[in-house]
Amino acid sequence: MSYSLTEQDKAAVLALRDDERFNHFVNRVCEQDEIWILTDEHGCMMLTTDDDEDCIPVWPHADFARDWAEGDWQHCIPEAISLNVWLKRWVPGMTDDELLVAVFPTPNETGVVVDPYELKDALDRKKSLGRRN
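Report follows, based on the coordinates. (Residues numbered from 1 in each chain as written. Predicted model: local features only at pLDDT ≥ 70, side-chain atom pairs only at ≥ 80, totals over all residues. Heavy atoms only, no water.)

Here we take up the overall build of the protein. Helix and strand counts for the protein stand at five helices and seven strands. Counted from the first residue to the last, the protein has its helices and strands arranged as α-α-β-β-β-β-α-β-α-β-β-α. A compact globule built from 133 residues would reach a C-alpha radius of gyration of about 14 Å, and the protein, at 14 Å, matches this within 12%. Along the longest, intermediate and shortest principal axes, the C-alpha atoms of the protein span 45 × 40 × 25 Å. For the protein, buried positions account for 41% of its 133 residues. Long-range pairs, those at least 24 residues apart, make up 68% of the contacts in the protein between residues at least 6 apart in sequence. Summed over all atoms, the accessible surface of the protein reaches about 7500 Å², with 45% contributed by carbon and sulfur. (Helix = DSSP H or I, 4+ residues; strand = E, 2+ residues; numbered from the N terminus. Rg over C-alpha atoms; globule rule 2.2 N^0.38 Å. Buried < 20%, exposed > 50% of the residue type's maximum accessible area, 1.4 Å probe, protein only. Contact = heavy atoms within 4.5 Å. Areas by Shrake-Rupley, 256 points an atom, 1.4 Å probe, with all protein chains shown as cover.)

Laid out in structure tokens, this is it:
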């Protein structure tokens, strides 16, 4: 279940730099055990970076995904994926398909583009730190 998100909270997070939003994403995903993507009748939405890299964009909350879905993407809807399913199925599948992850893009920024296993490592590190505290 997603956490509560006010407009002020949203604005503050959207004002963060890409690397800060990446860290926010990792923290929230580990707290909530879910990742948000955008889907339509054809499946998961993908985008291509300026460097011609195919990516799946991900967000920590449905509202951030919904706000990103404008213009060509306005027909897309947010869909939650459990962190466990993401790590066990999506990460190997994306790697096999040579896809990257665009972590927490905003309407104005691409976000941090990483290999699926790089994101998995960041999530695993955060989870293991959480267990020690």
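This part is about the sheet that holds strand 5 (residues 77-82). Strand order in this open sheet of three strands is 2-1-5, and the pairing throughout is antiparallel. Looking at which strands have only one partner, the edges of the open sheet turn out to be strand 2 (43-44) and strand 5. Of the strand pairs in this sheet, strand 1 (residues 34-40) and strand 2 are connected by two bridges, and their pairing is antiparallel. Within strand 2, the residue paired with Thr 39 across the bridge is Cys 44. Helix 4 (residues 83-96) contacts strand 1, strand 2 and strand 5 of the sheet and is inclined by roughly 80° relative to strand 5. (Pairing = 2+ DSSP bridges. Axes fitted to C-alpha atoms, helices over the stretch in contact; angles between N-to-C directions.)

Right, let's get into the sheet that holds strand 7 (residues 112-114). The four strands lie next to each other as 3-4-6-7, forming an open sheet whose pairing is mixed. A strand with exactly one partner marks an edge of an open sheet, and here the two such strands are strand 3 (47-48) and strand 7. Sheet analysis places strand 3 next to strand 4 (residues 54-58), joined by two bridges and oriented antiparallel. In the sheet register, Thr 48 faces strand 4, and the bridge partner there is Asp 54.

Glancing now at the side chain of His 61. Within the element layout of this structure, His 61 appears in the loop between strand 4 and helix 3 (62-68). Of note is the side chain of His 61, whose polar atom sits 2.9 Å from the backbone nitrogen of Asp 63. (Polar contact = N/O pair within 3.5 Å; in protein donor to acceptor, adjacent residues only side chain to side chain.)

What follows is about helix 2 (residues 18-32). Taking 1.5 Å of rise per residue, 15 residues should cover 21 Å, and helix 2 covers 21 Å from first to last C-alpha, within 8% of that figure. For helix 2, the complete set of buried residues consists of Arg 21, Phe 22, His 24, Phe 25, Val 26, Val 29, Cys 30 and Gln 32. Asp 33, located one to two residues past helix 2, shows a positive phi value of around 60°. (Expected span 1.5 Å × (residues − 1).)

Ranked by size, the top nonpolar core spans 40 residues in total, and within it Phe 25, Val 58, Trp 59, Trp 86, Val 103, Leu 119 and Leu 123 carry the most contacts. When residues of this core are traced back to their parent elements, those giving at least two are helix 2, strand 1, strand 4, helix 3, helix 4, strand 6 (100-103) and helix 5 (116-132). Not counting chain neighbours up to four residues away, the residues in contact with Val 103 comprise Phe 22, Phe 25, Val 58, Gly 111, Val 112, Val 114 and Leu 119. (Core = buried A, V, L, I, M, F, W, Y, C linked by side-chain atoms within 4.5 Å.)

What follows concerns unusual backbone geometry. One non-glycine residue with positive phi stands out, namely Asp 52, at about 65°. With respect to the helices and strands, Asp 52 occurs in the loop between strand 3 and strand 4. Even without being glycine, Glu 98 reaches a positive phi, approximately 60°. Within the fold, Glu 98 resides in the loop between helix 4 and strand 6.

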